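Summary of the model geometry
Chain by chain, the residues:
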Amino acid sequence: MKIFNSIKSFNANKPTIVTIGTFDGVHLGHCKILEQITKNAHALNCESLVLTFFPHPRMVLQEGTEMKQLNTLNEKIALLDNLGIDNLVVHPFDKEFSRLTAEEFVKKVLVDVFKIKKIIIGHDHRFGRNRTATIDDLINFGETYGFEVEQISAKEINEVAISSTKIRNALLEGNIELATNYLGYDYSLTGIIIKGKQLGRTIGYPTANITIEEDYKLIPNNGVYIAKSVLNGKTVFGMMNIGNRPTVDGTKETIEINFFDFKQDLYGQKITISLLHRMRSEQKFESLDALKNQLGKDKKTALSFIENL
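Analysis parameters
Residues numbered from 1 in each chain as written. Predicted model: local features only at pLDDT ≥ 70, side-chain atom pairs only at ≥ 80, totals over all residues. Heavy atoms only, no water. Helix = DSSP H or I, 4+ residues; strand = E, 2+ residues; numbered from the N terminus. Buried < 20%, exposed > 50% of the residue type's maximum accessible area, 1.4 Å probe, protein only. Polar contact = N/O pair within 3.5 Å; in protein donor to acceptor, adjacent residues only side chain to side chain. Contact = heavy atoms within 4.5 Å. Axes fitted to C-alpha atoms, helices over the stretch in contact; angles between N-to-C directions. Parallel < 35°, antiparallel > 145°, perpendicular 65-115°, else oblique. Left-handed = near helix turned anticlockwise from the far one by under 90°. Core = buried A, V, L, I, M, F, W, Y, C linked by side-chain atoms within 4.5 Å. Pairing = 2+ DSSP bridges. pLDDT = per-residue confidence, 0-100.

**Examining the side chain of Arg168**
Relative to the assigned elements, Arg168 resides in helix H8 (residues 164–172). A relative accessible area of 12% places Arg168 in the buried class. Among the polar contacts listed, one links the side chain of Arg168 to the backbone oxygen of Lys68, at a separation of 3.1 Å. Ignoring sequence-local partners within four residues, the contact set of Arg168 consists of Asp24, Met67, Lys68, Gln69, Leu70 and Leu218.

Have a look at this one:
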């Protein structure tokens, strides 16, 4: 997959089959559209092209809005690459770009730069200044400028419409299984292992503390999770806590994981952790001994869950 950091940097070698969107999560609903553009590209001797934006348009147009996203930009790029997309254009979204009229966008971007042959979009796609243009407008532009428009209906995407918002809500409720079903893959967190207070070592449950650089990445609901990671080429399971560590009077949110059967030093390494199941809410215990006792129960629960995977 070729990656371009703006519309201007793209140069079409062939006519393109295009789709447009933020594609947050690159979930199963998105995949219906993305599969169609790759199929059409092969059938029509064109190249597939995804136009997406960074930062998220809502963060630019609604100043002060905190927009947590399912994917970091790098995660989104990797997911799209796995789907066999030929070209990904990540355009820096700003207010100037948002003021393009629908026809200016069609003529200056889709026609002149992308050499569009066909566009495939979701059932609710709107575009142009203030998002006023509809599918009917796009069809009219297609007739004027000579490209085809294909619309994917909500029913085709899924009988129960999948949306990034539904996935965000599931994660914020700690419903990992529902999020996984919608995404089609395990939700993950990627970060650098840093030194914590090392209290876990004193009670027999040493943890790796993870810091995530991208502040726009959505962190699931506080609680204790069963998780896995690939370390040195081996899949390793563990239990992860997201929260403020109230038993030791923690004051800020941390993400820390206790890996089972893994004792190597991970400090400074970048790792990806996939979430499998939320076991319980975070809670404050009367003592470290009480916490240790609960962690023993959590580990038994986790190992039983893992055995049944």
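So much for the structure itself; the text now carries on.
**Observations regarding the packing of H8 against helix H9 (residues 176–183)**
Contact pair H8 / H9: the axes reach a minimum separation of 8 Å and the direction vectors enclose 155°. The orientation of H8 relative to H9 falls into the category roughly antiparallel. The interaxial crossing formed by H8 with H9 has left-handed handedness. On H9, the residues that touch Lys166, Ile167, Ala170 and Leu171 of H8 are Ile176, Leu178, Ala179, Tyr182 and Leu183.

**Examining the nonpolar core**
Counting residues in hydrophobic clusters, the biggest one holds 30 residues, and the most contacted among them are Ile167, Leu171, Leu189, Met240, Ile257 and Phe259. Counting residues per element, the ones that place at least two in this core are H8, H9, strand E7 (188–194), strand E8 (208–211), strand E9 (223–231), strand E10 (234–243), strand E11 (254–259) and strand E12 (270–280). Of the residues forming this core, the biggest block, 4 residues, is contributed by H9. Not counting residues within four places of it along the chain, the set of residues in contact with Ile257 comprises Pro206, Thr207, Ala208, Ile210, Ala227, Gly238, Met239, Met240 and Ile273. In this structure, Val89, Leu110, Val111 and Phe114 belong to the second largest nonpolar core, which totals 29 residues.

**A short note on the pairing of strand E5 (residues 116–122)**
A large share of E5 lies buried, amounting to 6 of its 7 residues. As paired strands, strand E2 (residues 16–20) and E5 are joined by 3 bridges and run parallel to one another. Residue pairing for E5: Thr16 is matched across the bridge by Ile116. As judged from the 5 bridges shared by E5 and strand E6 (residues 148–152), these two strands associate in the parallel manner. Each bridged residue has a counterpart across the sheet, and for Ile119 the counterpart in E6 is Val149.

**Some words on the confidence of the model for the chain**
On average, residues of the chain score 91 in pLDDT, and 94% of them reach the 70 mark or higher. Within the chain, helix H7 (residues 154–157) has the poorest average pLDDT of any element, 61, and strand E1 (residues 2–4) the best, 98.

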